[in-house]
Amino acid sequence: MRKLLGITLGIMTALGGFVDFGQIVFTMQAGALFGFSLLWALALGTVAIIVYMEMCGRVAVVAHEPIFSIVRAKLGHRLGLGMLVASNLLNLITCAAELGGISIALHLLTGWSEKILLLATTLALGLIIFLLNFQWIERIFGLSGLLMIVFAVSAVSLKPDWGSIGKALLPRVPLPQGHSGLLYAYFAVGIFSALLMAYEVHFYSSGAIEEDWTTRDLGENFIVASLGSTLGAVLTAALLVLGGIIFLPRAIFPDSLGITILAGALPFGRKALILALLGVTATLSGAAIETALSGAYNLCQFLNLAWGKNLPPKKASVFTATWISMFVIALIIAGTGVDPLQLVNISIIFGMVVLPFTYYPILRVGADKRMMGRHVNSRVVTIVGSAVLVLIVIAAAAAIPLMIVTNFGQPS
Amino acid sequence: MRKHVLLGFLASYFLTVPLAGCSGTSSNEGKLRSEVRTALSLAAESKLFLDYLSPEHVTESFTTAYVRYLQQQTDDLMARLNRMKGPTSSQENLAECIKQTEALRSVLSSPVLISEDHARLISIRGRVAEIEANLKTLAKLQ
C-alpha cells in the first residue's frame, strides 16, 4: 500500500512538473498556426522523453553515475567541458525565462509591479531551496503544478474533434510548401525539443541518487517515467488543442503568457482564470528551481565535487554557491526586461543542439553490460533508444537553420 | 581522431548555418505582410478579450494588466510601422495598416475597458471588429 502510494505520488509529481514555459508557448503557438496537425511531434517527443528519463534513472541507480560524470567519461574532458558550459548557459537562460514568466503571471494575478514580483519570487524560491530537502521541493512544486489540469478540462469542454486528433498523431503528408512548410518544421522541432528539455532529466536522475534509490526502485522508475510523462504529454497536448480551437479560427498568434492563460480559462469563469494563473505560477516556479539546481548538479558532477540538496550547505559549498549564483544571474538577465518568450525560444532551439551530446553517453552506458549487469538496456530499449538518437541528431542539425529562416517561428 | 572529426563537424556546422539566414532575409513587402498579420492578430486578440470581459470572467487586476499589455504591443507595432520605409508598390497598404493600428491603439486607450459600462464596451467591441475586418481585407491584398 505504501509502495503504491509512493508510485502514485511520483506519477502525480512527474505530471505536475512536466509542463514548463517552453511547452506552454510552443504548443499553443503550434496549435494556433497548424491546428492539431503537429500532435505527432508531441507523440514522438513523449516516446523520446520516456526512453531518456527511464534510462537516466536506471543508470543513476545501477551504475551510481550521475549524468555529467558519464558525459565527461564518454566525451573526454575538453568536449565534456564544452557541453557543461553549453548546458549551464541554457539552464541559465531557461531559469531567467521562467522567473520572467512567473513575474508576468503574478502581475496578472495581483496587479503588482513586475520588477518587484521578479525580485520577491527569486528570493522566495531561493529560500525554499535553502530550507527544504529535495523530496519536499519536488513534491510541493510537482503537486501544485497539477493545477494546470484546468487547461485540459478547458480543452475537453470545447468539444474537440477527436477523429482529427487521432489522425494528427501521424505526420501530415505532403508538408506545407514555402515559408509555411519551414514554419511547420520549426514548430515540429520546437515541440519535440520542448518535451526533451535536458534539465528535467538531469534533475530527475540526480534526484534518484539524492533519494537513495536502489535496484528495487527500478520498477517505480519505469512507471513514473512512462506514466508520468505520458500524462504530462496529454496535458501538453491539451495546450495545443486549445491553440487549435481558440486561436486558429481567429487568426491570433499567441505570443504572450496572458493570452495563453486566458485560453485555459475561456470556457469557464473567474475561478478557472485564477486556477490557471496559479497553475502556471507553480509550474514555472518548479522549472526555475529545477534549472538552478540542475546547473549546480551538472557542475559538481563534472568536477567530481560533493553535491546534493540533502547535504548540509557547508559540505557541498560549491553546489550551494552554484545554484545561488544561477538564481542571481538569471534574476539580472530577467531584470533587464528581455522578453521571456524570446529566451524560451533560444533555450529550446539551442537545447536541441546540445542534447545529442548528453543523450548519446547515457545510451552507451545503458547498453554497457559490464556497468549495468542484468539491468542493461533490453533489445526494445536499444532499438527505440537508437531511433530516438537518430531523431535527436536530425532535429539538432535542423534546429538553428530553421530558427534563422523562420525568424524564431514568426508567421509571415 | 573521432573527436577531431566531431569537432570539425561542429565548427563547420556553426560557421555555415548562419548562411541559412540569407534565404530568410525579408523584403519590405515581406516585412509589411508580417506586420499586417501582427496587427490582425492583435485586433483579433483584443476582440476575444472584449468578448470575455466581465466581472464573472476576469479579475480587475488581470483586466488592467492585460489591457496595458495590449496597449504596449500596439505601441511597439506602431513604432515598427513608422520606421518602415515601404516600397512604392506597398505604400498605400502601409498607410492603411498604420491607420488601422492607430485606430486600435485609440480604442485600447479608452478608460471604458477597465470600467463596467457594458453598453460602451459593446460599442468598443464593434469598433474593434470593424478594425479587424479592415485588416483582414488588407491581409488578402498582400
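Note that the structure is a prediction, hence the values are computed from the model and not measured.

What follows is about the overall build of chain B. Helices and strands together make up the secondary structure of chain B, namely five helices and zero strands. Counting from the amino terminus, chain B carries its helices and strands in the arrangement α-α-α-α-α. Relative to its full complement of 142 residues, chain B shows a buried share of 43%. Look at the contacts in chain B between residues 6 or more apart in sequence, and 77% of them connect residues 24 or more apart.

On to the overall build of chain A. From N to C terminus, chain A includes 18 helices and zero strands. Whereas a compact globule of 412 residues would reach a radius of gyration of roughly 22 Å, chain A reaches 20 Å, a difference of no more than 12%. Seen through its principal axes, chain A has C-alpha atoms that stretch 55 × 50 × 45 Å. Looking at chain A as a whole, 61% of its 412 residues are labelled buried. Long-range contacts, defined here as pairs at least 24 residues apart, represent 86% of the contacts in chain A between residues at least 6 apart. Accessible surface, chain A as shown: approximately 15500 Å² in total, 70% of it carbon and sulfur.

Considering the arrangement of structural elements, one finds A:Phe357 in helix H16 (residues 340-366). A sequence separation of 189 residues divides A:Phe357 from A:Ala168, and the C-alpha atoms of the two residues are 30 Å apart.

Across the contact, 40 residues belong to chain A and 34 residues belong to chain B. Interface area, chain A with chain B, both sides summed: about 3000 Å², of which 67% is carbon and sulfur. Contact with chain B buries surface across chain A, with A:Leu108, A:Leu262 and A:Arg270 losing the most and accounting together for 17% of the total. Joining chain A to chain B, the criterion identifies zero salt bridges. Secondary-structure elements contributing two or more residues to the side of chain A that touches chain B are helix H5 (77-110), helix H12 (218-247), helix H13 (257-265), helix H14 (270-303), H16 and helix H18 (379-405) of chain A. No other element matches H18(A), which puts eight residues into the side of chain A that touches chain B.

To continue, consider the nonpolar core. One recurring pattern in soluble globular proteins is that nonpolar side chains are buried together. Grouped together as the largest cluster of nonpolar side chains are 193 residues, with contacts concentrated most on A:Leu38, A:Phe187 and A:Phe327. Ignoring sequence-local partners within four residues, the contact set of A:Leu38 consists of A:Ala30, A:Tyr184, A:Phe187, A:Ala188, A:Ile191 and A:Leu240.

Turning our eyes to something else, we now look at the packing of aromatic side chains. Residue and element names in this part refer to chain A. Taken as a whole and assessed by the stated rule, the structure comprises 15 aromatic pairs over all chains. Look at Tyr52 and Tyr359: their rings are 5.2 Å apart centre to centre, the planes differ by 65°, and that puts the pair in the edge-to-face class. Here Tyr52, found in helix H3 (residues 39-62), pairs with Tyr359, found in helix H16; they are 307 residues apart in sequence, far enough to count as distant. When sorted by exposure, Tyr52 lands in the same class as Tyr359, which is buried. Among the aromatic residues, ring-to-ring pairing joins Phe134, Phe203, Tyr297, Trp307 and Phe319 into one connected group.

It is worth spelling out the confidence of the model for chain A at this point. Interpretation of the predicted coordinates at a detailed level should be avoided for regions scoring low in pLDDT. Mean pLDDT over chain A stands at 92; residues scoring 70 or higher make up 96%. Confidence, expressed as mean pLDDT per element, reaches its minimum in chain A at helix H1 (residues 2-16) of chain A with 68 and its maximum at helix H15 (residues 317-335) of chain A with 97.

This part is about the packing of helix H4 (residues 91-108) of chain B against helix H5 (residues 118-141) of chain B. Residues and elements named next belong to chain B. At a closest axis distance of 10 Å, the pairing of H4 and H5 adopts a crossing angle of 165°. In terms of orientation, H4 lies roughly antiparallel with respect to H5. In this structure, H4 crosses over H5, and the sense of that crossing is left-handed. Residues Asn93, Glu96, Cys97, Gln100, Ala103, Leu104 and Val107 of H4 form the contact with H5, whose participating residues are Ile124, Arg127, Val128, Ile131, Asn134, Leu135 and Leu138. The residue makeup of the contact of H4 with H5, split by class, is nine nonpolar, three polar and two charged.

Attention now moves to the pattern of salt bridges. Within the structure shown, the criterion is met by nine salt bridges over all chains. We note a salt bridge from A:Arg370 to A:Asp368, for which the minimum N-O separation is 3.8 Å. Using a relative accessible area of 78% as the deciding quantity, one classes A:Arg370 as exposed. We note a salt bridge from B:Arg125 to B:Asp51, for which the minimum N-O separation is 2.2 Å. Linking B:Arg125 in helix H5 with B:Asp51 in helix H2 (residues 28-52), this pair joins segments that are 74 residues apart in sequence. Residue B:Arg125 is classed as partly exposed on the basis of its relative accessible area of 29%. Residue B:Asp51 is classed as partly exposed on the basis of its relative accessible area of 42%. What emerges from the salt-bridge pattern is a single network uniting B:Lys47, B:Glu132 and B:Lys136.

All names here are of chain A. With respect to the element layout, Pro340 can be found in helix H16. Judged by its relative accessible area of 8%, Pro340 falls in the buried class. With 65 residues separating them along the chain, Pro340 and Leu275 place their C-alpha atoms 22 Å apart.

Turning to H3(A), a few remarks are in order. Residues and elements named next belong to chain A. Relative to the 34 Å expected for 24 residues at 1.5 Å per residue, H3 spans 35 Å between its end C-alpha atoms, a close match to the ideal helical length. Counting buried positions along H3 yields 21 of 24 residues, so the element is predominantly enclosed. Positive phi appears at His64, one or two residues downstream of H3, with a value of about 55°.

Here we take up unusual backbone geometry. All names here are of chain A. Although it is not a glycine, Asn304 adopts a positive phi angle of roughly 60°. Looking at the element boundaries, Asn304 is found in the loop between H14 and H15. Of note, the phi angle at Phe408 is positive, near 60°, even though the residue is not glycine. Structurally, Phe408 is set in the segment after H18.

A word on the packing of H3(A) against H12(A). Residues and elements named next belong to chain A. Following both chains from N to C, one finds H3 and H12 inclined at 155°, their axes separated by 9 Å at the closest point. Regarding the angle of H3 to H12, the classification is roughly antiparallel. Where H3 crosses over H12, the handedness of that crossing is right-handed. Touching Leu39, Leu42, Thr46, Ile49, Ile50, Met53, Glu54, Gly57, Arg58, Val61 and Val62 of H3 are Leu218, Asn221, Phe222, Ala225, Ser226, Ser229, Thr230, Ala233, Thr236, Ala237 and Leu240, all from H12.

What follows deals with a nonpolar patch on the surface. Residues and elements named next belong to chain A. On the surface, Phe222, Ile223, Leu227 and Leu231 cluster together into a nonpolar patch covering about 330 Å² of accessible area. With respect to the element layout, Phe222 can be found in helix H12. Owing to a relative accessible area of 48%, Phe222 belongs among the partly exposed residues under this scheme.

Residue and element names in this part refer to chain A. Looking at the secondary structure, you find Ser294 in helix H14. Take Ser294: its relative accessible area is 0%, and that puts it in the buried class. Filtering out sequence-adjacent residues up to four positions away, Ser294 remains in contact with Asn88, Asn91, Tyr199 and His202.

So, how was this worked out
- Residues numbered from 1 in each chain as written.
- Chains lettered and ligands numbered in written order.
- Predicted model: local features only at pLDDT ≥ 70, side-chain atom pairs only at ≥ 80, totals over all residues.
- Heavy atoms only, no water.
- Helix = DSSP H or I, 4+ residues; strand = E, 2+ residues; numbered from the N terminus.
- Buried < 20%, exposed > 50% of the residue type's maximum accessible area, 1.4 Å probe, protein only.
- Contact = heavy atoms within 4.5 Å.
- Rg over C-alpha atoms; globule rule 2.2 N^0.38 Å.
- Areas by Shrake-Rupley, 256 points an atom, 1.4 Å probe, with all protein chains shown as cover.
- Buried area = accessible area lost by both parts, 1.4 Å probe.
- Salt bridge = Lys/Arg side-chain N within 4 Å of Asp/Glu carboxyl O.
- Core = buried A, V, L, I, M, F, W, Y, C linked by side-chain atoms within 4.5 Å.
- Phe/Tyr/Trp six-rings, centres within 6.5 Å; stacked < 30°, edge-to-face > 60°.
- pLDDT = per-residue confidence, 0-100.
- Axes fitted to C-alpha atoms, helices over the stretch in contact; angles between N-to-C directions.
- Parallel < 35°, antiparallel > 145°, perpendicular 65-115°, else oblique.
- Left-handed = near helix turned anticlockwise from the far one by under 90°.
- Nonpolar A, V, L, I, M, F, W, Y, C, P; charged D, E, K, R; others polar.
- Expected span 1.5 Å × (residues − 1).
- Patch = residues over 30% accessible without salt bridge, like charges linked within 9 Å, V, L, I, M, F, W, Y side chains within 5 Å.

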